[in-house]
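Summary of the model geometry
The chain contents come next:
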Amino acid sequence: MMDPEFKLGMIFTSAKECKAAVKEYALRKQKKVKLVRNGKLRVKAVCKRGCPWVLYVSKYDGDAFQVKTYNKKHTCSKTYNNRNITSKILAQFMEELRINPNWPVSAMKQRIRKDLKLDVSTSQIYRAKKRAFLMIHGTDANRYSKLWDYCEELRRTNPGFTVVMEAPDHEELREPKPRFLRLYVCLEACKRGLLEGCRPFVGLDGCHIKGTHSGQLLTAIGIDPNHCLFPIAYAIVEIENKDSWEWFIGLGLIPALNELVPESEHRHCVRQESGIYQGSHVHMPLLQFMTENMNRKIYIAQYYKNESYQRAYEPLIQPMNGYKMWPRTGLPQVLPPHNYKLRN
Ligand SMILES: [Zn+2]
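Conventions adopted
Residues numbered from 1 in each chain as written. Predicted model: local features only at pLDDT ≥ 70, side-chain atom pairs only at ≥ 80, totals over all residues. Heavy atoms only, no water. Helix = DSSP H or I, 4+ residues; strand = E, 2+ residues; numbered from the N terminus. Buried < 20%, exposed > 50% of the residue type's maximum accessible area, 1.4 Å probe, protein only. Areas by Shrake-Rupley, 256 points an atom, 1.4 Å probe, with all protein chains shown as cover. Donors = N, O, S within 2.8 Å, 3.2 Å for Na, K, Ca; no water. Tetrahedral: all angles 85-135°; square planar, octahedral: opposite > 155°, others 65-115°. pLDDT = per-residue confidence, 0-100. Contact = heavy atoms within 4.5 Å. Expected span 1.5 Å × (residues − 1). Salt bridge = Lys/Arg side-chain N within 4 Å of Asp/Glu carboxyl O. Pairing = 2+ DSSP bridges. Axes fitted to C-alpha atoms, helices over the stretch in contact; angles between N-to-C directions. Parallel < 35°, antiparallel > 145°, perpendicular 65-115°, else oblique. Left-handed = near helix turned anticlockwise from the far one by under 90°. Nonpolar A, V, L, I, M, F, W, Y, C, P; charged D, E, K, R; others polar. Phe/Tyr/Trp six-rings, centres within 6.5 Å; stacked < 30°, edge-to-face > 60°. Lys NZ or Arg CZ within 6 Å of the ring centre and 35° of its normal.

Across its full length, the protein chain holds 12 helices and 11 strands. Burial statistics for the protein chain: of 344 residues in total, 40% are counted as buried. As displayed, the protein chain offers around 20,200 Å² of accessible surface, 53% of which is attributable to carbon and sulfur atoms.

Spelled out as structure tokens, the structure:
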């Protein structure tokens, strides 16, 4: 029964139908309506203590029941039965949340109002979304525990790439398992694309990661012959600082740069040194290197050529399997990082 409303004299085909309508009513109106008498001959439902709302239904004919008393006036405020509402939202929108995990709360609210005729609070939607993500992705512990297998699958599908994970030893931390600290990934196709077709330029930047755990994402990008960004490598680190940058650059970039232009020169971004950018997320060191005595005309022309573009995008990134098909490394599972923060 969609959006039930009771009326005096209303007939239900059975007591079961009447009780279901009361439950539906309580959920949709978000009222603490409950059955107090639930016999073979009569059904009575009341609201919160002090609220005059009452429904009295008694046997009419055969299995049918009829509303004998009904006071529809509530003086109580809304009560949120979160468990029921969450299940209701999930039952209806689970698939949509799976496809569109970034579905905005405001848009979701409107859809719930339209489709379920429910007026829910923002926190109820957050709760439902959180439950949906848990059901889709598993818990954080579950996801982090698969990281070694993830690395192995990357290695299997994209041979030649560099992946380095740092998870300090459990004995050192006096914990049952190693704990995740950093992860560096540089796909072979990206590295080769950079070496074969991109301009001899690498830009570095860091940003905060949204999600359950804080941490920062460091990225290295190149400039392709179309003057667009070309991803080279990325890392997830605990915080953006000198130590984590050195770790990131030292792992693969410096060797790659040396290979690209053997007599390269590393420079910091002029903007950073001039102090224009103060915020932590724009404090980007920028590496720039150019061969000495380079003819400017030749330099520009070469990196705008069609062949260079083709060469940059020739190496392919191979798709990987879903996690159920990843190889099992049997390595000790890693725990999520400590720096836990609440997700909205
Ligand atoms: Zn009430």
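Here the narrative resumes, following the displayed structure.
Around the zinc ion, the protein supplies Cys 47 (SG), Cys 51 (SG), His 74 (ND1) and Cys 76 (SG) as donor atoms, at distances of 2.1 to 2.3 Å. Metal-centred angles of 103 to 117 degrees between the 4 donor atoms at the zinc ion mark the site as tetrahedral.

This paragraph deals with the confidence of the model for the protein chain. In this model, the protein chain carries an average pLDDT of 80, and 81% of its residues clear a pLDDT of 70 or more. Least confident of the elements in the protein chain is strand E11 (residues 286-288), whose mean pLDDT is 40; most confident is strand E5 (residues 64-71), at 94. Contacts from residues 269-292, a stretch scored under 50 in pLDDT, to residues over four places away or in other chains number 49 contacts.

Here we take up helix H1 (residues 15-29). Between its terminal C-alpha atoms H1 stretches 21 Å, which fits the 21 Å expected from 15 residues at 1.5 Å a residue. Every buried residue of H1 is accounted for by Ala 15, Cys 18, Ala 21, Val 22, Glu 24, Tyr 25, Ala 26, Leu 27 and Arg 28. Of the residues flanking the end of H1, it is Gln 30, one or two places downstream, whose phi is positive at about 55 degrees.

What follows covers the pattern of salt bridges. Scanning the model with the defined rule gives 14 salt bridges in all. Between Arg 182 and Asp 243 there is a salt bridge, with its nearest N and O atoms 2.9 Å apart. Of this pair, Arg 182 sits in strand E7 (residues 182-186) while Asp 243 sits in helix H9 (residues 242-260), and the two are 61 residues apart along the sequence. Its relative accessible area of 45% is what places Asp 243 among the partly exposed residues. Each of Glu 96, Arg 111, Lys 114 and Asp 115 takes part in one network of salt bridges that share partners.

With respect to the secondary-structure elements, Cys 186 resides in strand E7. Residue classification places Cys 186 among the buried residues on the basis of a relative accessible area of 4%. Along the sequence, Cys 186 and Gly 160 sit 26 residues apart, while their C-alpha atoms lie 9.4 Å from each other. Discounting chain neighbours no more than four positions away, the residues touching Cys 186 are Phe 161, Thr 162, Lys 191, Ile 232 and Ala 233.

Take Pro 178: it is sitting in the loop between helix H7 (170-173) and E7. For Pro 178 and Ala 167, which are 11 residues apart along the polypeptide, the C-alpha to C-alpha distance reads 5.6 Å.

In spatial order, the strands read E1-E5-E4-E3-E2; together these 5 strands make up an open sheet with antiparallel pairing. The strands lining the two open edges of the sheet, one partner per strand, are strand E1 (11-12) and strand E2 (34-38). Examined bridge by bridge, strand E3 (residues 42-46) and strand E4 (residues 54-61) share 5 bridges and lie antiparallel to one another. Paired with Val 43 across the bridge in E4 is Val 57.

Taken N-terminus to C-terminus, the directions of helix H8 (residues 188-197) and helix H12 (residues 306-313) make an angle of 165 degrees; their axes are 7 Å apart at the nearest point. Taken together, the axis directions place H8 and H12 in an arrangement best described as roughly antiparallel. The chirality of how H8 crosses H12 is right-handed. Listed contacts from H12 to Gly 193, Glu 196 and Gly 197 of H8 are Ser 308, Arg 311 and Ala 312. For the contact of H8 with H12, the class distribution of residues is 1 nonpolar, 3 polar and 2 charged.

What follows is about unusual backbone geometry. Positive phi, close to 55 degrees, is recorded for Lys 117, a residue that is not glycine. Taking relative accessible area as the criterion, Lys 117 reaches 41% and is therefore assigned partly exposed.

Here the structure, examined in full by the defined rule, presents 15 aromatic pairs. Taking the centre distance of 6.3 Å and the plane angle of 75 degrees together, the rings of Tyr 323 and Trp 326 count as edge-to-face. Given a relative accessible area of 14%, Trp 326 falls into the buried group. Joined through ring pairs, the aromatic side chains of Phe 6, Phe 12, Tyr 25, Trp 53 and Tyr 70 make up one cluster. Directly above the ring of Trp 247 sits Arg 182, whose terminal nitrogen or CZ lies 5.2 Å from the centroid.

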